[in-house]
Amino acid sequence: QRQMCIRDRSKKEVQQRLLVYKNAIDVLEMSLNCQPSSDAASVHDPLDKRHELNDVAVGLAAQLLPRVMVVEDVVGFRHNQQKAYDGFLIKLREVFAHVEVFVTNALHAMVAQNRNRLFIICTHYRGREDDAVDLGLVRTQLLRQRTCSARRCAKARGSRPHSTPT
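1. Describing helix H2 (residues 52–64)
Compared with an ideal rise of 1.5 Å per residue, which puts 13 residues at 18 Å, H2 spans 19 Å between its outermost C-alpha atoms and is within 8% of the ideal. Among all positions in H2, only Asn54, Ala57, Val58, Leu60, Ala61 and Leu64 are buried. Each buried residue of H2 lies within a common arc of 160° when the element is viewed along its axis, so the set occupies one face. Those residues of H2 that are buried lie in contact with helix H1 (12–18), strand E1 (27–31), strand E2 (68–74), helix H3 (76–80) and helix H4 (82–95). Leucine 65 sits one or two residues past H2 and shows a positive phi near 55°.

What follows is the structure in structure tokens.
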């Protein structure tokens, strides 16, 4: 059964409500706060408080134990916020058995923008052999799913798919 929960993970009540899905989530997708890392920003403060949401994302994943977690952000996260990026990967690797980082142009996912996006795909086996996940297949399917979701949302709004500037 498919279910999509779109919530503001910074709110404690949302975090508590999500815990009922522990061990029941196949794919958990989170987007990080792009403003502190964007190449368009003139200041990249390594102590930016918005990076605290990264810890919330990892903490939720550690409690929910999804089979796959996909994190999306601007590519600038790697080079404009190197310390936060490295720390985030360390924390992800403490929770997940496999963590893969890749960059793809949003155009390749049929999104109406020509810019690269950073994706981090994590899998957690939870000690079950049947939880083995082919990351190549996951990458392909998740990019396709994101595209289909964007189209459905745009159709519901009565407009064309778009994204907010980063």
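2. Details of the pattern of salt bridges
Under the counting rule described, the total for this entry stands at four salt bridges. Across the pair lysine 49 and glutamate 52 runs a salt bridge, and its minimum N-O distance is 3.4 Å. On the accessibility criterion, lysine 49 (60% relative accessible area) is exposed.

3. Quick notes on the nonpolar core
If you look at the biggest cluster of nonpolar residues, it comprises 25 residues, and the most contacted ones within it are Met69, Phe88, Leu92, Phe96 and Ile120. Of all the elements in the fold, those that place two or more residues in this core are H1, E1, H2, E2, H4 and strand E4 (116–123). In terms of residues, this core owes the most to one element, H4, which gives six residues. Once residues lying within four places of it in the same chain are set aside, the contact partners of isoleucine 120 are Met69, Val70, Val71, Phe88, Leu89, Leu92, Val99, Glu100 and Val101. Val68, Val70, Phe102 and Phe119 belong to the second largest nonpolar core, which has five residues in total.

4. Some details on the sheet that holds E2
With mixed pairing, the four strands of this open sheet are ordered in space as E1-E2-E4-E3. Edge positions in the sheet fall to E1 and strand E3 (98–105), since each has one partner strand and no second. Put simply, the sheet's adjacent strands are angled 20° from each other on average, direction ignored. As judged from the eight bridges shared by E3 and E4, these two strands associate in the antiparallel manner. Paired with asparagine 105 across the bridge in E4 is asparagine 116.

Rules used in this analysis
- Residues numbered from 1 in each chain as written.
- Predicted model: local features only at pLDDT ≥ 70, side-chain atom pairs only at ≥ 80, totals over all residues.
- Heavy atoms only, no water.
- Helix = DSSP H or I, 4+ residues; strand = E, 2+ residues; numbered from the N terminus.
- Expected span 1.5 Å × (residues − 1).
- Buried < 20%, exposed > 50% of the residue type's maximum accessible area, 1.4 Å probe, protein only.
- Arc of directions from axis to C-beta.
- Contact = heavy atoms within 4.5 Å.
- Salt bridge = Lys/Arg side-chain N within 4 Å of Asp/Glu carboxyl O.
- Core = buried A, V, L, I, M, F, W, Y, C linked by side-chain atoms within 4.5 Å.
- Pairing = 2+ DSSP bridges.
- Axes fitted to C-alpha atoms, helices over the stretch in contact; angles between N-to-C directions.

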